[in-house]
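Observations on the three-dimensional arrangement
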Amino acid sequence: MWYNRDVITILDFSREELEEVFETADDMLKYSHSRLDILKGKVMALAFFEPSTRTRLSFETAMIRLGGDVIGFSEVSTTSIAKGETLADTIRMLDSYADIIVIRHSIEGAAKFAAEIAESPVINAGDGTRHHPTQAMIDLYTIRRNFEDIDGLTIGVLGDLKYGRAATSFIYGVSLYNIKKLYLISPPLLSTRKEVRDHLKLRGIAFEEVERLDDVIEELDVLYVTRIQRERFPDPAEYEKVRGSYRVTPESLKKVKRDLIILHPLPRVDELHHEVDRTKHAKYFEQARYGVPVRMALLKLILAGDRV
Ligand code: NCD
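Only a predicted model underlies this, so the values are computations on that prediction, with no experimental measurement involved.

Let us now look at the overall build of the protein chain. Across its full length, the protein chain carries 10 helices and 9 strands. Here the protein chain has a C-alpha radius of gyration of 19 Å; the compact-globule value for 308 residues is 19 Å, and the two agree. When the backbone C-alpha atoms are referred to their principal axes, the protein chain occupies close to 55 × 45 × 40 Å. By residue count, 58% of the 308 residues in the protein chain fall in the buried class. Across the protein chain, contacts joining residues at least 24 apart in sequence account for 72% of those joining residues at least 6 apart. Here the protein chain has roughly 13,500 Å² of accessible surface; of this, 47% comes from carbon and sulfur atoms. Separation between the mean location of the 44 positive side-chain charges and that of the 49 negative ones in the protein chain comes to 3 Å.

This is the structure in structure tokens:
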């Protein structure tokens, strides 16, 4: 199902296909501190045109744990791109060196473009404001580890739903399940784009846009918090209008469900108070930890198929 495939958006996959990743990730969890030789001799190229901590390092860790090797760059200024080399030429070259390419780019569609050029499979590690499929897989996996089922849950996504690709990919991912209700919680200036709302309507997802977390927090099983994507605002004045407009604190959690889990793709800035870390609802560090087994599962399935 997964062998040799590109991973460009979460919507390219079915629930069954995601389940295969999750089951493989359950297996990989056992090995997330050892070194296997499943991908011995394989090379992964990382092409990171935008900053990253977790995504890049967990991809790297995943490949090393599977016995493969890693090449690549995370700083454009040290590559020939700084001399004017095109994305197409960069990808062509990486394709000739490596067996799989993982790309992060500020321009939407960059990963698809790379996949059209490269013979090797391409994984989108976040491009522009819409797609970050492996993050969405990690998010869904974290929910699945904490609840028996994603179906039937009430989920709230808080924050920058306009520019946030982690938020958007998560919303797309959730739309593959029969959830009870989806709350899109944001200041009006950061609300979900029309194409995302249209997608939710098409899939028959019960969703509602609200401005205040406080109005819906009691109902939630999952609260997905995101930071304001300051770097993606075309106009700094627009950012100033929404800066600090929402914040989750221990105070916000007074009337929540006992089993509420709070997720955040990280990095956080000021939207999620550090005091929340000490509550049993905080699952964002667990979520970040799952970056390794989920990416191990993906790399294994894409590069080795079902062979162990
Ligand atoms: C996200 C990203 O880069 O889109 N980070 C991540 O991959 N965990 C979210 C963000 O930067 O806010």
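Before going further, it helps to spend a moment on the sheet that holds strand β2 (residues 69-73). Taken in spatial order, the 4 strands line up as β2-β1-β3-β4 in an open sheet, and their pairing is parallel. Looking at the sheet topology across the chains shown, the edges are occupied by β2 and β4 (122-127). Within this sheet the neighbouring strands show an average axis-to-axis angle of 15°, counted without direction. Direction of pairing for strand β1 (residues 43-48) relative to strand β3 (residues 100-105): parallel, over a ladder of 5 bridges. By the bridge assignment, Phe 48 is partnered in β3 with Arg 104. Strand contacts of helix α4 (residues 110-117): β3 and β4, with the helix running at about 160° to β4, the strand carrying the most contacts.

The contact between helix α2 (residues 54-65) and helix α10 (residues 291-304) brings their axes to 8 Å, and the two run at 55°. Overall, the two elements α2 and α10 adopt an arrangement that is oblique. Here α2 runs over α10; the crossing is right-handed. Contact with α2, carried on its side by Arg 54, Thr 55, Ser 58, Phe 59, Thr 61, Ala 62, Met 63 and Arg 65, involves Gly 291, Val 292, Arg 295, Met 296, Leu 299 and Leu 303 of α10 and no other residues of that element. Broken down by class, the residue content of the contact of α2 with α10 amounts to 7 nonpolar, 4 polar and 3 charged.

Roughly 440 Å³ of volume is contained in the largest pocket. In this structure, the largest pocket is lined by 23 residues; those nearest its centre are Arg 104, Arg 165, Arg 227, Leu 266 and Pro 267. Mapped onto the lining of the largest pocket, the elements with two or more residues apiece are α2 and α6 (165-174). Take the lining of the largest pocket: its biggest share by element is 3 residues, from α6.

Reading the values: rules and limits
Residues numbered from 1 in each chain as written. Predicted model: local features only at pLDDT ≥ 70, side-chain atom pairs only at ≥ 80, totals over all residues. Heavy atoms only, no water. Helix = DSSP H or I, 4+ residues; strand = E, 2+ residues; numbered from the N terminus. Rg over C-alpha atoms; globule rule 2.2 N^0.38 Å. Buried < 20%, exposed > 50% of the residue type's maximum accessible area, 1.4 Å probe, protein only. Contact = heavy atoms within 4.5 Å. Areas by Shrake-Rupley, 256 points an atom, 1.4 Å probe, with all protein chains shown as cover. Lys, Arg positive; Asp, Glu negative; His and termini not counted. Charge placed at Lys NZ, Arg CZ, Asp CG, Glu CD. Pairing = 2+ DSSP bridges. Axes fitted to C-alpha atoms, helices over the stretch in contact; angles between N-to-C directions. Parallel < 35°, antiparallel > 145°, perpendicular 65-115°, else oblique. Left-handed = near helix turned anticlockwise from the far one by under 90°. Nonpolar A, V, L, I, M, F, W, Y, C, P; charged D, E, K, R; others polar. 1 Å grid on protein atoms, 1.4 Å probe; cavity = no way out; pocket = protein on both sides within 12 Å on 5 of 7 lines; lining within 4 Å. Points joined across faces, edges and corners; volume = space filled by probe spheres on them.

From the geometry alone we can't say anything about function, so treat these as descriptive.
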